[in-house]
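Overview (structure and organization)
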Amino acid sequence: MAKEGRLWLASPTKTSLTTSVSDVRKHEKNTMVVTKETIFFPGGGGQAPDEGTVSGCKLLALVELEEGFGHLIKESFDSQTVDLQLDVEAREFAAQQHTGQHILSALSFREHNLQTLSVHFGDDMCTLDLDTPPLPEETLREIERAANDLCRRSLSITGHLLTSDEVGSIPNLRKKPQVNEDIRIVEISDFDSVPCCGTHLENTAQAAPIMVFGQTKMRGKARLQFLCGNGALAFANKNYKDLSTISELFDSPLSTASERCKQVKEELEKLRYDYKGLKDKYLQLAFQSEALEKAKTIGDCTFICWETTEIEPKQLGKFVGEACKTDGRLVVVAAPAGEKSSVAIARSSNITVACSEVLREALT
């Protein structure tokens, strides 16, 4: 396949293209429109593929072929030419996240000697796994500040398609290529170079702001959560609105809203605990007044049957077990819930009746 056909690399700013169709074929349940060149990035390096349209039809996927590029669409297609239109907003979002990840990975390595293990680019949040246990908050902020300082330097970003012999001439190479041909190196001028097949920005300023929102522990390593550019601004604005709403609901200053939430949570947990204790006492009283008074004694066995909507089905077993701690009892409790009912049966340890037989007869 001709390297010049990969216009997402040769002409990354190109957003539309009218080109000749070399073939149209069925591909499973879809139609594949084959061309010798395309503006769409097929995906790779952790980055999702480009979005866009193929003569007005939604692009489902792009397949790199020996003879060119196969564009998958649902609709049938019958034309000698095709109009490709890139979703510019989606491309910009992806390029901002990918460029920002390069900056974060490079800074983590060059200033803290931390290798990047893996990355994931999501619509709502991106993650970067580093070969280290979770980092101190101060270190996260240091990396974030350094990343935004580098963005302000507006360093140029270029991609080089090289042979394995040419790679050695690239400065600041952070990672060795995993392939021996068609090696693409993405270089941030005077700072970092790394093999990568994804789409990137023209300079670091376009990735700003870079925001590290936190980290989680993943298999003992630090997983940083980050967003860049428009994605970071949108996420920060949404969080600010949510925090402002919480502040208004609790009549608390914005600066203390999170502490107020913790306080309310503690109060709610105490209320739940108190409520559980009161409900247990209520159920015992209800059991005595509604069930024990109507119990029937046959020989040494007191048969107690109670139907109630006050007990949750998952609590039935525990309740009848507690009721049968008193000798001489066979207890059946039913808890109707809509069109369904749950039934639990238990006996005291000195009763020899088979509960399964009693339940089977009751159900029939």
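Starting afresh in each chain, residues are numbered from 1 along the sequence in its written order. In keeping with the model being predicted, local features are shown solely for residues with a pLDDT of at least 70 and side-chain atom pairs are shown and tallied solely at 80 or more, while totals for entire chains, interfaces and linings include all residues. Side-chain figures throughout are based on the complete set of non-hydrogen atoms in the structure, without hydrogens or water.

Moving on, we come to the pattern of salt bridges. When a carboxyl oxygen of Asp or Glu lies within 4 Å of a side-chain nitrogen of Lys or Arg, that pair is called a salt bridge. Here the structure, examined in full by the defined rule, presents 17 salt bridges. Of the charged contacts, one joins Asp-50 and Arg-91 as a salt bridge, the two residues approaching to 2.6 Å between their closest N and O atoms. Of the two residues, Asp-50 sits in the loop between β3 (30-35) and β4 (52-54) while Arg-91 sits in helix α2 (residues 88-112), which places them 41 residues apart along the sequence. The class for Arg-91 is buried, based on a relative accessible area of 8%. Only DSSP runs of H or I covering at least 4 residues are called helices, and only runs of E covering at least 2 are called strands; the numbering of each starts at the N terminus. Relative accessibility decides the category of a residue: with a 1.4 Å probe and only protein chains considered, values under 20% of the type maximum give buried, values over 50% give exposed, and everything between is partly exposed.

Our next topic: the packing of α2 against helix α3 (residues 137-152). Angles here are taken between N-to-C directions and fall from 0 to 180 degrees, while the axes themselves are lines fitted to C-alpha atoms, restricted in helices to the stretch in contact. Put simply, α2 and α3 touch, their axes get as near as 10 Å, and they point 120° apart. Of the two elements, α2 crosses α3, and the hand of that crossing is right-handed. Contact residues: α2 offers Ile-103, Leu-104, Leu-107, Ser-108, Glu-111 and His-112, while α3 offers Thr-139, Glu-142, Ile-143, Ala-146, Ala-147, Leu-150 and Cys-151. All amino acids are sorted into three groups, where Ala, Val, Leu, Ile, Met, Phe, Trp, Tyr, Cys and Pro are nonpolar, Asp, Glu, Lys and Arg are charged, and the leftover types, Gly among them, are polar. Partitioning the contact of α2 with α3 into residue classes produces 8 nonpolar, 3 polar and 2 charged. Helix crossings are classified by the rotation of the near helix relative to the far one: an anticlockwise turn of less than a right angle makes the crossing left-handed, while a clockwise turn makes it right-handed. Here, two residues are considered to be in contact whenever any of their heavy atoms come within 4.5 Å of each other.

For the rest of this paragraph, the subject is helix α5 (residues 257-291). Quick reminder: α-helices carry 3.6 residues per turn. Residues three or four places apart thus point the same way. A helix is expected to reach a length of 1.5 Å times the quantity of its residues less one. The end-to-end C-alpha separation of α5 is 48 Å, in line with the 51 Å expected for 35 residues at 1.5 Å each. For α5, the full list of buried residues reads Ala-257, Leu-283, Ala-286, Phe-287 and Ala-291. Where α5 is buried, its residues contact α4 (229-249), β17 (301-307), α6 (316-323) and β18 (329-337).

Pairing between two strands requires that DSSP report at least two bridges joining them. Pairing is antiparallel across the open sheet formed by 4 strands, whose spatial order is β9-β10-β15-β14. Either end of the sheet is taken by a strand with one partner, and the two such strands are β9 (116-121) and β14 (210-218). Direction aside, neighbouring strands of the sheet carry axes that sit 20° apart on average. Sheet topology note: the β9/strand β10 (residues 126-130) ladder contains 5 bridges and is antiparallel. Residue Ser-118 lies in a different strand from β10, and its bridge partner there is Asp-129. Of the strands in this sheet, β9, β10, β14 and β15 (221-228) are in contact with α2, which crosses β15 at around 140°. The sheet contacts of α4 involve β14 and β15, and relative to β15 the element is tilted by about 95°.

To continue, consider the layout of surface pockets. A volume near 750 Å³ is recorded for the largest pocket. Cavities and pockets were defined on a 1 Å grid built from protein atoms only: a cavity is a group of points that admits a 1.4 Å probe but offers it no way out, a pocket is an open group of points flanked by protein on both sides within 12 Å along at least five of seven lines, and a lining residue is one with an atom within 4 Å of any such point. For the largest pocket, the lining is made up of 33 residues, of which Gly-45, Lys-175, Pro-195, Cys-196 and Cys-197 are closest to its centre. In terms of residue count, the dominant contributor to the lining of the largest pocket is α2 (5 residues). Residues of the lining of the largest pocket, tallied by class, amount to 16 nonpolar, 10 polar and 7 charged. Around the second largest pocket, the lining is made up of 27 residues, and of these Pro-12, Thr-13, His-200, Leu-201 and Glu-202 lie nearest the centre. Its residues placed into classes, the lining of the second largest pocket shows 11 nonpolar, 10 polar and 6 charged. Grid points are joined across faces, edges and corners, and a volume is the space filled by probe spheres set on the points.

The next point concerns α3. Across its 16 residues, α3 extends 23 Å between first and last C-alpha, which sits within 8% of the 22 Å expected from 1.5 Å per residue. Listed in full, the buried residues belonging to α3 are Thr-139, Leu-140, Arg-141, Ile-143, Glu-144, Ala-146, Ala-147, Asn-148, Leu-150 and Cys-151. Buried residues belonging to α3 abut α2, β14 and β15. In the stretch just after α3, Ser-154 is the one whose phi turns positive, near 50°.

Within the secondary structure layout, Ala-337 lies in strand β18. The class for Ala-337 is partly exposed, based on a relative accessible area of 45%.

Turning our attention to the nonpolar core. By nonpolar core is meant a set of buried Ala, Val, Leu, Ile, Met, Phe, Trp, Tyr and Cys residues that side-chain atoms within 4.5 Å join together. Membership of the largest hydrophobic core comes to 33 residues, with the highest contact counts inside it found for Ile-103, Leu-104, Leu-135, Phe-191, Ile-210, Leu-224 and Phe-226. Those elements that provide at least two residues to this core are α2, β10, α3, β12 (183-188), β14 and β15. Broken down by element, this core gets its largest block of residues, 6 residues, from α3. Excluding anything up to four places from it in sequence, Leu-135 contacts Leu-114, Leu-130, Leu-140, Ile-143, Gln-215, Ala-222 and Leu-224. Membership of the second largest hydrophobic core comes to 18 residues, among which are Leu-7, Leu-59, Ile-73 and Leu-86.

A separate point is the sheet that holds strand β8 (residues 81-86). On the basis of which strands lie adjacent, the open sheet formed by 4 strands has the order β1-β8-β4-β5 and antiparallel pairing. Looking at which strands have only one partner, the edges of the open sheet turn out to be β1 (16-20) and β5 (57-58). Relative to β5, β4 is paired through 2 bridges, and the arrangement is antiparallel. In the strand pairing of β5, Val-54 is matched with Cys-57.

Bear in mind that shape data such as this cannot, by itself, settle questions of function.
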